[in-house]
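# Examination of the molecular architecture
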Amino acid sequence: MLKFIVVLHRKKGLTTEQFRSYFIEVHQLLAQKIPGLRRYKQNFVLPDPKRERPAWDCVVELYFDNREAMEAAWASPEGQTATVDLEVFADLSRTAWSVVEERIVVR
């Protein structure tokens, strides 16, 4: 299984609530249609009175069978549609993504 991480920053002018609502109500539905996507997780920042809020707004985890399946998914019409949609609500100049190696230390 291959894991792809996206660290998203909301677009300037959007509130945290607007970012989250659009993500869940619109973008999530597009992402779920990406062929070959095996698992999809969203990790939204929550208020924490003991910690400073991070600069990012959401970390997304996308899982594919392998690199070939992932590249085919991004090249598909559904993958392209979901990618273009990021421009609506995410600041792509600050957003980062990468294939990662997950190491589970405690289960």
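Going by the structure above, here's the rest.
Below you will find a few notes about this structure. (Residues numbered from 1 in each chain as written. Predicted model: local features only at pLDDT ≥ 70, side-chain atom pairs only at ≥ 80, totals over all residues. Heavy atoms only, no water.)

### Regarding the side chain of Lys 3
Inclusion rule: Numbering of helices and strands runs from the N terminus; a helix is a DSSP stretch of H or I covering at least four residues, while a strand is a stretch of E covering at least two. In this scheme, a residue with accessible area under 20% of its type's maximum is buried, one over 50% is exposed, and one in between is partly exposed, where area comes from a 1.4 Å probe on protein chains only. Whenever two N or O atoms come within 3.5 Å, that pair is a polar contact, provided that in protein one can donate a hydrogen and the other can accept it, and provided that, for residues adjacent in sequence, both atoms are side-chain atoms.
Tracing the backbone shows Lys 3 in strand 1 (residues 2–8). For Lys 3, a relative accessible area of 11% gives the class buried. Here the side chain of Lys 3 touches Glu 102 through a polar contact of 2.6 Å, side chain to side chain.

### Quick notes on the packing of helix 1 (residues 16–31) against helix 3 (residues 77–89)
Defined as follows: The angle between two axes is taken between their N-to-C directions and runs from 0 to 180 degrees, where each axis is a line fitted to C-alpha atoms and a helix contributes only its stretch in contact. In this scheme, roughly parallel covers angles under 35 degrees and roughly antiparallel covers those over 145, while 65 to 115 is roughly perpendicular and the rest are oblique. Contact criterion: two residues are considered in contact whenever any of their non-hydrogen atoms come within 4.5 Å of each other. For this classification, Asp, Glu, Lys and Arg are treated as charged, while Ala, Val, Leu, Ile, Met, Phe, Trp, Tyr, Cys and Pro are nonpolar and the rest, including Gly, are polar.
Their axes nearest at 10 Å, the elements helix 1 and helix 3 cross at an angle of 170°. Between helix 1 and helix 3, the interaxial angle falls into the category roughly antiparallel. Of helix 3, the residues touching helix 1 (which contributes Phe 19, Tyr 22, Phe 23, Val 26, His 27, Leu 30 and Ala 31) are Thr 81, Ala 82, Asp 85, Leu 86, Val 88 and Phe 89. Looking at the contact of helix 1 with helix 3 residue by residue, the class counts come to 10 nonpolar, two polar and one charged.

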